[in-house]
Amino acid sequence: MTTVARKLGSLRWLYLGLVWAVILFVLVPLATTIWVAFFSNKILSFPPEGYTASWFEQAWTLEAFRNGFLLSFEVAVGASILAVCLGVPAALAIARYQFQGRELINTVLMSPLMIPAIVAGTAIYLFYVEVQLESDVQFAATTYGLTLAHTLIAIPWVLRLLVASLAGIDSSIEEASLSLGASRLTTFFRITVPLIRPGITAGVLFGFIASFGDLEKSLLLVGPGRITLPIVMINYLEYRTDPTIMAVATIQVLVIAIALIVSDRYVRLGRTF
Amino acid sequence: MTAVDTVRSQLAAIAVGKRRRWLAPYALSGPAVVFVSLFLMLPLLMMLRLSFYRYDAAQMYIEAFTLDNYVRFIKDDFYRQVLWTTLWISAVTTLLCLIGGVAVAYFMARTKSPLLKRYLIIAIVLPLFMGNVARTAGWIIILDDKGLLNFLLQNVYEGSALRLLYTSGAVIAGLTSVLLPFMIVTLNSVMHNIDVSLEEASLNLGASHLTTFRRVVLPLLKPGIFAGCILCFILSMNAYATPILLGGPKFNMMAPMIYQQISAAMNWPFGSALAFVLISLTALLTVVSAVMFDRTAKRTGIA
């Protein structure tokens, strides 16, 4: 083997160079964002005059960012909980039963992941407006309208993680509970739920992450004074690039990183992907 | 009660139980299916209908059945140009993702250190979830007139400042960086199942590394390459944040154009038509390449 590897010579360095260049290409922009968030320069320029953490304070005092963060958080929590309520029974059906239309139902439930987000967001907005015209109930530019749309984002993740989690559990344990006289409901809450709790936790966390970072589906659904963090960020970035916005981006990255690290304890990220 | 009656009632009970069991999966998945149908499928159908309406400045739209919106899209040079830009940017991005992705996925699968492998996977998976805005923000800093690259260019190499931001090159760089993890993750799952001994056999039989890669690894990797390319192409066709932030106001791709038509121009029928052109093209390309892939797979005997 070593002789073969040596025969490769300069080609091997080319290959290794490409590999590390690609990895840097993915990671450097993210690292740059975090780096610049600590610059003491008031406007974006190089080299840094010094380092400070004051931009994080500044970001929190700006109402648009603070409200955006809180709204995104609220919507993401609501959406991931709602998605789990809908997703757990659906995952149970798909993982535990063979029935007609199983593939179709699975495709429908995974479709929010397949249908382009910008197209889906536009359709939901037009739908909300139509509903309001017919019934006078406002959905567009409301927190619950946004939460319902974000539930759609979270459902595929919940389903995917729970189906995987259910597949790893021996169904004979559930059958034992049933044959010993427990009802289906008792079996579900006393046997199935404790067994798939890691899957449920991971589902909630991934639903949260997908919702918290969403931009395209929400674009048309936000309203004055009710704008999610990614949209506040993109609106700001279109006109200004300064350390404050990089501090905001760093906070967003941090929140998502924490959610990911916690979920790594329940499902091994490296193995899921 | 006779024994026959007992058996009969038991059979009836089993039949009821069976009927209930037959219903169970539908009852369980029902709420979720209704939810997705109501909040996604129905809106999409309504949007399809809206795309055939006629635009009216005073009333927003007039109920009609006209192909005007689609005809306008095809006939107008401006919108054709937007579609063309979207297509070629996506094609170049996908190609770059493929080249970079294959290299990294192969390296990750063949590295001898499990620790390096674990950290690499985390480093690739983490950015997947970070949100495109935060990641694209980094590219703005790098490419800006007073940004990192221009600073390095002027101070280290004493070159003159280059216009990097608001070019198609910036959009391609940004998209490639955002989408590479999708390609790597997809390829990685296939790479896992390729037995190293196949490569060793090829090397032992005298083939060079390059030949082994080309004749052994690449054909086995084909399903992953196919899936990864489709994913990258679809995602870049529908990209919003990157073209807006790195392409600037004069750079037009389909997704920002749809948003602009709905929210600023308030031409909902035309905006809906644009959305349907985008979703149909995406679906069509997926199906066509799936069929083509199936054929080559059958001919070459993989799959």
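Going along each chain's sequence as written, the residues are numbered from 1 onward. To label them, take the chains in the order written and letter them from A, then take the ligands in the order written and number them from 1. With pLDDT at 70 or above as the cut-off, local features in this predicted model cover only qualifying residues; side-chain atom pairs require 80 or more to be listed or tallied, and sums for whole chains, interfaces and linings still use all residues.

In this section: the overall build of chain B. Secondary structure elements are taken from DSSP: a helix is a run of H or I of four residues or more, a strand is a run of E of two residues or more, and numbering for both begins at the N terminus. Helix and strand content of chain B: 12 helices and 2 strands. When the helices and strands of chain B are listed from N to C terminus, the series reads α-β-β-α-α-α-α-α-α-α-α-α-α-α. The principal-axis extent of the C-alpha atoms belonging to chain B is close to 105 × 75 × 40 Å. Residues classed as buried in chain B amount to 40% of the 303 residues present. What counts as a contact here is a pair of residues whose C-beta atoms, placed from the backbone, lie within 7 Å. Looking at chain B alone, contacts between residues at least 24 apart form 69% of all its contacts between residues at least 6 apart. Residue burial here comes from a neighbour count, namely the number of other C-beta atoms, placed from the backbone, that lie within 10 Å of the residue's own C-beta, with 20 or more meaning buried, 12 or fewer meaning exposed, and in between meaning partly exposed.

In terms of helices and strands, chain A carries 12 helices and 0 strands. Traced from its N-terminal end to its C-terminal end, chain A shows the element sequence α-α-α-α-α-α-α-α-α-α-α-α. Against the globule reference of 19 Å for 273 residues, chain A gives a C-alpha radius of gyration of 23 Å, more extended than a compact globule. Projected onto its principal axes, the C-alpha coordinates of chain A cover approximately 75 × 75 × 30 Å. When each of the 273 residues of chain A is scored for burial, the buried share is 44%. Considering only intrachain contacts with a sequence separation of at least 6, the fraction spanning at least 24 residues in chain A is 76%. The atom set for the radius of gyration is the C-alpha atoms, and the globule formula is 2.2 Å times the number of residues raised to the power 0.38.

Even without a glycine there, the phi angle at Asp136(A) is positive, about 70°. One can find Asp136(A) in the loop between α6 (117-135) and α7 (143-167). With 7 C-beta atoms packed within 10 Å, Asp136(A) lands in the exposed category. Of note, the phi angle at Tyr166(B) is positive, near 60°, even though the residue is not glycine. Relative to the assigned elements, Tyr166(B) resides in the loop between α6 (148-155) and α7 (168-191).

All right, on to the confidence of the model for chain B then. Residues and elements named next belong to chain B. You can read pLDDT as the predictor saying how much it trusts each residue, on a scale of 0 to 100. Mean pLDDT over chain B stands at 85; residues scoring 70 or higher make up 91%. Taken element by element, chain B is modelled with least confidence in helix α1 (residues 3-50), mean pLDDT 78, and with most confidence in helix α3 (residues 77-110), mean pLDDT 93. This prediction of the complex comes with two scores: 0.85 for pTM and 0.86 for ipTM.

Next up on the list: the interface of chain B and chain A. Contacts between the two partners involve 70 residues from chain B, matched on the other side by 73 residues from chain A. Per element, the largest residue contribution to the side of chain B that touches chain A is 18 residues, and it comes from α1(B). Asp, Glu, Lys and Arg are counted as charged, while Ala, Val, Leu, Ile, Met, Phe, Trp, Tyr, Cys and Pro are counted as nonpolar; the rest, among them Gly, fall into the polar class. Looking at the side of chain B that touches chain A residue by residue, the class counts come to 54 nonpolar, 12 polar and 4 charged.

On to the packing of α7(A) against helix α9 (residues 184-212) of chain A. Residue and element names in this part refer to chain A. Whenever a helix is involved, its axis is fitted only over the stretch in contact; in every case the axis is a line through C-alpha atoms, and angles between N-to-C directions fall within 0 to 180 degrees. Contact pair α7 / α9: the axes reach a minimum separation of 8 Å and the direction vectors enclose 155°. By the angle class used here, α7 and α9 are roughly antiparallel. For the pair α7 and α9, the sense of crossing is right-handed. When α7 is examined against α9, the residues His150, Ile153, Ala154, Trp157, Val158, Leu161, Leu162, Ser165 and Leu166 are found in contact with a partner set consisting of Ile196, Pro198, Gly199, Ile200, Ala202, Gly203, Phe206, Gly207, Ala210 and Ser211. Taken together, the residues that form the contact of α7 with α9 break down as 13 nonpolar, 6 polar and no charged. In what follows, roughly perpendicular refers to angles from 65 to 115 degrees, roughly parallel to angles under 35, roughly antiparallel to angles over 145, and oblique to any angle outside these ranges. Whether a crossing is left-handed or right-handed is set by the direction in which the near helix is turned from the far one by less than a right angle, anticlockwise for left-handed and clockwise for right-handed.

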